[in-house]
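Residue strings, one per chain:
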Amino acid sequence: MAGTLYVVATPIGNLNDISPRALEVLRRVDLIACEDTRHSQHLLGHYAIRQPLLALHQHNERANGEALLRRLEAGESVALISDAGTPLISDPGHSLTARALERGLRVVPVVGPSSVMAALSVAGLPADSFVFAGFIPSKAGERERFLADYRRETRTSVFFETPHRIAASLAALAVVLGPERLLVIGRELTKQFEEIVRLPLGEALSWLQADPNRSRGEFVLVLAGATTVAEPWEELARALRAEGLGAKTISALLAQHLGANKKAVYQYLLDRAD
């Protein structure tokens, strides 16, 4: 009989946030797959869990994932954990779980902490429908193009950011999306130096720079949805379309002369095509 792959959520900071069920599973599986064995040993050692570990990260997921699948098919049970929180949320493991399901193996979620859910729960923003966007790109041009897609996004959006990129991302958010848009910054959630602040984008960088310690740790950014305000290029786009120009041509012209987001213009025209 084939074994079971358990996808186990672990604490994002406070070790007491782990569930009794998660501890039970981690103690009885044959093997624990984790991103960084040294990091996971801290949690497992705290709870005297001594199951063998296997590193599974973006550089070895294909090879080590295949080894794990063979062990599952042989009847062993495996727990998949990440460095923090719920696995596969901007973490390795997608390939393993996808291939396990393709082979008819049992994959079981063991629910628990998630920094996305934690941030949404305290943001005071609508969470009945939201967008999880993961990490903001590190390069300036890619970052601005990425953020431009959220100019018209009316749902609450959630981003991850790292300490060495947080200042650049806060600055870019204010420029691309405007200073009035509301942002909730969750820093070091559930940890000793946790901070949660709610402020307009135009004030976010100043808040960060007011205290050097605020640039430390991991960040979850919760962005308020856009109001349904028309982009300044919309009227011109419609006029050019009425003159017979194609969507691709209009998108290129407005991007070149007005700095409009080419993808956004093109999608706008497609949505209004006859």
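Residues numbered from 1 in each chain as written. Predicted model: local features only at pLDDT ≥ 70, side-chain atom pairs only at ≥ 80, totals over all residues. Heavy atoms only, no water.

(A) Structural context of the side chain of S40. Position of S40 relative to the elements: it lies in helix 2 (residues 37–46). Taking the relative accessible area as the measure of exposure, S40 reaches 4% and is therefore buried. Contact partners of S40, with chain neighbours within four places excluded, come to C34 and I81. (Helix = DSSP H or I, 4+ residues; strand = E, 2+ residues; numbered from the N terminus. Buried < 20%, exposed > 50% of the residue type's maximum accessible area, 1.4 Å probe, protein only. Contact = heavy atoms within 4.5 Å.)

(B) Spotlight on the sheet that holds strand 5 (residues 106–110). As summarised here, the arrangement of the five strands in space is 3-2-4-1-5, forming an open sheet in which the pairing is parallel. For this open sheet the edge positions go to strand 3 (53–55) and strand 5, each flanked by a neighbour on one side alone. Along the sheet, successive strands turn relative to each other by an average axial angle of 25 degrees, direction set aside. Bridging between strand 2 (residues 31–34) and strand 3 involves three bridges; their strand directions are parallel. Bridging across to strand 3, A33 finds its partner in L54. This element, helix 4 (residues 94–102), spans strand 1 (4–8), strand 4 (78–80) and strand 5 of the sheet and lies at about 145 degrees to strand 1. (Pairing = 2+ DSSP bridges. Axes fitted to C-alpha atoms, helices over the stretch in contact; angles between N-to-C directions.)

(C) Here's a closer look at the pairing of strand 6 (residues 130–135). Bridge count for strand 6 against strand 7 (residues 156–161) is five bridges, and the pairing is parallel. The partner of F135 across the bridge, within strand 7, is F160. Following the chain from strand 6 across helix 6 (residues 140–148) to the adjacent parallel strand 7, one finds a crossover that is right-handed. (Right-handed = clockwise from strand over helix to strand, strands pointing away.)

(D) Structural view of the sheet that holds strand 10 (residues 219–223). Strand order in the open sheet made by the five strands is 6-7-10-8-9, with mixed pairing throughout. Taken across any chain shown, the strands that pair with only one partner, and hence form the sheet edges, are strand 6 and strand 9 (195–200). For this sheet, the mean inter-axis angle between neighbouring strands, taken without regard to orientation, is 15 degrees. As paired strands, strand 8 (residues 182–187) and strand 9 are joined by six bridges and run antiparallel to one another. Note that in strand 9 the partner of G186 across the bridge is I196.

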